[in-house]
Amino acid sequence: MGSPRVAIVVRHGLNATAWRVRHARGEVSDATPYAYHLAEPSFELEWSADRAENSLAHWWRMTVRRILGFDFVHVWRNRALIARSDVVWTHTEREHLAVALLRMLAPRRYRARLIAQSVWLWDLWPGVSAPRRALFTRLLKHVDVEVVLSRVNRDAALEAVPGRRVVRLPFGTHFAEPRTAETSTAETDPPTPPRVLVVGNDRHRDWPLVAAVAKRLPEADFDVISLSEDVRAMSWPMNVQVRSVTQREILTDAYADATVVALPLRPNRHASGCTVAIEAVSAGVPVVASDTGGIDEYLADAASTLVPVGDVDGFVRGIEAAIADPPLSDPDVAARRGLSEADYVARLVAVTHALIADDAIPPAVEVFERLPADETAPEGVAR
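Throughout what follows, the structure given in this document is the object of discussion.

How each quantity is defined
Residues numbered from 1 in each chain as written. Predicted model: local features only at pLDDT ≥ 70, side-chain atom pairs only at ≥ 80, totals over all residues. Heavy atoms only, no water. Axes fitted to C-alpha atoms, helices over the stretch in contact; angles between N-to-C directions. Helix = DSSP H or I, 4+ residues; strand = E, 2+ residues; numbered from the N terminus. Parallel < 35°, antiparallel > 145°, perpendicular 65-115°, else oblique. Contact = heavy atoms within 4.5 Å. Nonpolar A, V, L, I, M, F, W, Y, C, P; charged D, E, K, R; others polar. 1 Å grid on protein atoms, 1.4 Å probe; cavity = no way out; pocket = protein on both sides within 12 Å on 5 of 7 lines; lining within 4 Å. Points joined across faces, edges and corners; volume = space filled by probe spheres on them. Patch = residues over 30% accessible without salt bridge, like charges linked within 9 Å, V, L, I, M, F, W, Y side chains within 5 Å. Areas by Shrake-Rupley, 256 points an atom, 1.4 Å probe, with all protein chains shown as cover. Salt bridge = Lys/Arg side-chain N within 4 Å of Asp/Glu carboxyl O. Buried < 20%, exposed > 50% of the residue type's maximum accessible area, 1.4 Å probe, protein only. Core = buried A, V, L, I, M, F, W, Y, C linked by side-chain atoms within 4.5 Å. Expected span 1.5 Å × (residues − 1). Arc of directions from axis to C-beta.

Looking at the packing of helix α5 (residues 93-105) against helix α7 (residues 130-140)
- Orientation of α5 relative to α7, taken along the N-to-C sense of each, is 70°, at an axis distance of 9 Å. Considering their axes alone, α5 and α7 lie roughly perpendicular with respect to each other. Here H96, L97, A100, L101 and M104 of α5 come into contact with α7, specifically with F136, R138, L139 and L140.
- Classifying every residue of the contact of α5 with α7 gives seven nonpolar, one polar and one charged.

Take a look at the structure:
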């Protein structure tokens, strides 16, 4: 008997073939999106594909997406992949709600277990219309387990649609180059001027807060790395540089040059900024962050300062303190707390094996620690 077949369904435009080309060019650090390929020793993986679209096909897909609230056409095009799989992994609700609809329409054909990761769903939920909310609720009943990245998201999901399996799975991602004695500002004279690094494209970044803080700290340079159109449309103080660079350049250079990382966040439920938090912690750079969405769990045991949402004064004080007296930061914290991409995939592997075996999901997958090897796969399965 061969390995279980896992279909990885990611959003349109994020197909693994094109991603591997970007990886070969040095643009991205992971060989596949979210490093899901690390599950290959345990499963036979197959990725969703993007169908080439003319203007009419694109209009049709986007129209259906606007009506339903998820990308059903993209998933429909990958229905054969789903039909021949044992388990389906999805990265956001845009895909998992579509897979759930497919299962609801033809349950005998689409019998694969569904691990549905939600990101923005529970932030959007209060504004979802009554008909769409009823549809989403029904579809969520066709999900075997919902995975979220924050305890806040988990609690919101269970409150909104109770009676389901919802697991808070700590996210994990690529690590940045760790500081050395030669590059650490704790070991050498601080850079002149000090550099505040702000990275992110997420809809829950608080960019007006960054502008206000930068205006209050003219002695510091603010390095804003973002592709957000909102960022580029803003009027920034003279000490702010807005730019975009490759993921690899951020990991190898930007954190190494930073005095402190700022993580300004709007209220959210999904640990917005957790990728940047992990990268900064792995580089050994102190972090000042808005205290919302469960980000505190990703910054635990690290050199970090949590500030109330929207608190300009608190952010200024936190950055000033980090510049004046750089706190000791241990870059090994991220690895010890199980925040690598390998840890994240290992948790998904453990959940998948539990579903296939009709076993309980191991509680260890929810803990911010390295997952014990015996929880990753049953006896006799490659780890």
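Details of the layout of surface pockets
- What the largest pocket holds in volume is close to 1,600 Å³.
- Along its surface, the largest pocket is lined by 48 residues, and Y34, N201, D202, Q247 and T275 are the ones closest to its centre.
- Top contributing element to the lining of the largest pocket by residue count: helix α12 (residues 274-283), with four residues.
- Looking at the lining of the largest pocket residue by residue, the class counts come to 20 nonpolar, 17 polar and eleven charged.

Let's talk about a nonpolar patch on the surface
- Residues L56, W59 and W60 make up a contiguous nonpolar surface patch of roughly 390 Å² in combined accessible area.
- Tracing the sequence through the fold places L56 in helix α2 (residues 55-68).

Details of the side chain of T32
- Mapping T32 onto the fold places it in the loop between α1 (16-24) and β2 (44-47).
- We classify T32 as buried; its relative accessible area is 0%.
- Once residues within four sequence positions are removed from consideration, T32 is found in contact with W19, R20, H37 and W47.

Here's the deal with the nonpolar core
- Ranked by size, the top nonpolar core spans 64 residues in total, and within it W89, I115, Y255 and Y298 carry the most contacts.
- In terms of residue count, helix α16 (residues 341-356) provides more of this core than any other element does, nine residues in total.
- If sequence neighbours within four positions are ignored, I115 has contacts with V87, V88, W89, T90, V145, V147, L348, V351, T352 and L355.
- V73, V75, L121 and V143 belong to the second largest nonpolar core, which has 34 residues in total.

Some points on the pattern of salt bridges
- A complete count under the given rule lists 20 salt bridges for this structure.
- In this structure, D144 engages R103 in a salt bridge whose closest nitrogen and oxygen atoms are separated by 3.0 Å. Taken together, the residues span a long stretch of sequence, with D144 in the loop between α7 and β5 (145-148) and R103 in helix α5 at a distance of 41 residues. An identical accessibility class is assigned to D144 and R103; each is buried.
- Measuring nitrogen to oxygen at the nearest pair gives 3.4 Å for the salt bridge that ties D155 to R154.
- Among the charged side chains, a network of salt bridges with common partners joins E53, R61, D71 and R77.

Brief notes about empty space enclosed by the protein
- Scanning the entire structure with this criterion turns up two cavities of 30 Å³ or more.
- Lining the largest cavity are Y36, W89, T90, I115, Q117, Y344 and L348.
- Only β3 (87-90), β4 (113-117) and α16 provide two or more residues apiece to the lining of the largest cavity.
- Each residue belonging to the lining of the largest cavity can be placed in one class, and the counts come to five nonpolar, two polar and no charged.

Details of α2
- The end-to-end C-alpha distance of α2 is 20 Å, a good match for the 20 Å that 14 residues give at a rise of 1.5 Å each.
- Among the residues making up α2, those that are buried are R61, T63 and V64. Projection of α2 onto a plane perpendicular to its axis shows the buried side chains occupying an angular sector of 160°, all on one side. For α2, the exposed residues lying more than 90 degrees away from the buried face are S55 and R66.
- Where α2 is buried, its residues meet α3 (72-77).
- Where α2 terminates, the next one or two residues include G69, which has phi positive at roughly 95°.

On their own, these measurements won't tell you what the molecule is for.
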